[in-house]
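Listed below, chain by chain, are the residues.
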Amino acid sequence: KFPGTKVDDVRVSPVPGVFEVMRGTDVVYVSGDAKYAIAGDLYDLNNQSNNLTERRRREIRMQMLAAVPESQAVVFAPKDPKYTVTVFTDVDCGFCRQLHSKIAQYNDLGIKVRYLFFPRSGPDTESWDKAEQVWCSANRNEALTKAKLGETLKVAKCANTPVKRDYELGENIGLRGTPGIVLANGELLGGYLPPINLVAKLQGLAAGK
């Protein structure tokens, strides 16, 4: 019924006789006889704020991002970070540039930013090439800052850049635009948040709100 589905993609759902089929962070609920499928979020009606489908998506995002070592990201961090976020970024995205222009403020608030690449225009485009040039630079942090300021990087392409992997990862976790901010609990924030707003969100999560 779902070509390419593996055994690990299927598991019992909280509803008797219904199974969960997961492809990336896309969830479909399928009847036990495989005749019917339901696309949509599943809620626990005893606690209507408990979106069981979104909770599952967050678990999968956390697993996917945990598989990316720190050495495969461009990291801007304070000395003693209180929080860590992963940001999918496009060098040419206006809001991505706005976020990066305040990177020192995020760091000052104790936020470590792990950048992964998501050139929205896709492979074989100028934005994709710029992302690869950043990765191939001797100082990636400096190169990313220059690229986001619109400066031209005169860097030769190198082998084994993570741009393709990052891009596919972004698609798999359900990214719809950039910047895509993923919190430590797997929550995906679709869009730019100023430093003070992001730290307030992180503080609320830490307090269990």
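Refer to the structure above for everything that follows.
Quick summary incoming for the structure in this document. None of these values were measured; they are calculated from a predicted model.

## A look at the sheet that holds strand S4 (residues 37-39)
Alright, step 1. The four strands are arranged S1-S2-S3-S4 in an open sheet whose pairing can be described as antiparallel. Each edge of the sheet is formed by a strand with only one pairing partner; in this case those strands are strand S1 (10-12) and S4. Pairwise comparison of adjacent strand axes, ignoring direction, gives a mean angle of 30° for this sheet.
Alright, step 2. In this sheet, strand S3 (residues 26-31) lies alongside strand S2 (residues 18-23) in antiparallel orientation, the contact comprising six bridges. Bridged to Phe 19 within S3 is Val 30.

## Some points on the packing of helix H2 (residues 94-101) against helix H5 (residues 140-148)
Alright, step 1. At their nearest, the axes of H2 and H5 sit 10 Å apart, and the two run at 130° to each other. When the interaxial angle is binned, H2 and H5 end up oblique. Helix-helix and strand crossings are classified by hand; for H2 and H5 the assignment is left-handed. For the pair H2 and H5, the contacting residues are Cys 96, Arg 97 and His 100 in the first and Leu 144, Thr 145, Ala 147 and Lys 148 in the second.
Alright, step 2. Taken together, the residues of the contact of H2 with H5 break down into three nonpolar, two polar and two charged.

## A closer look at a nonpolar patch on the surface
Alright, step 1. A contiguous nonpolar surface patch, about 240 Å² in accessible area, is contributed by Val 10, Val 12 and Phe 19.
Alright, step 2. Within the fold, Val 12 resides in strand S1.
Alright, step 3. The class for Val 12 is exposed, based on a relative accessible area of 60%.

About the thresholds
- Residues numbered from 1 in each chain as written.
- Predicted model: local features only at pLDDT ≥ 70, side-chain atom pairs only at ≥ 80, totals over all residues.
- Heavy atoms only, no water.
- Pairing = 2+ DSSP bridges.
- Helix = DSSP H or I, 4+ residues; strand = E, 2+ residues; numbered from the N terminus.
- Axes fitted to C-alpha atoms, helices over the stretch in contact; angles between N-to-C directions.
- Parallel < 35°, antiparallel > 145°, perpendicular 65-115°, else oblique.
- Left-handed = near helix turned anticlockwise from the far one by under 90°.
- Contact = heavy atoms within 4.5 Å.
- Nonpolar A, V, L, I, M, F, W, Y, C, P; charged D, E, K, R; others polar.
- Patch = residues over 30% accessible without salt bridge, like charges linked within 9 Å, V, L, I, M, F, W, Y side chains within 5 Å.
- Areas by Shrake-Rupley, 256 points an atom, 1.4 Å probe, with all protein chains shown as cover.
- Salt bridge = Lys/Arg side-chain N within 4 Å of Asp/Glu carboxyl O.
- Buried < 20%, exposed > 50% of the residue type's maximum accessible area, 1.4 Å probe, protein only.

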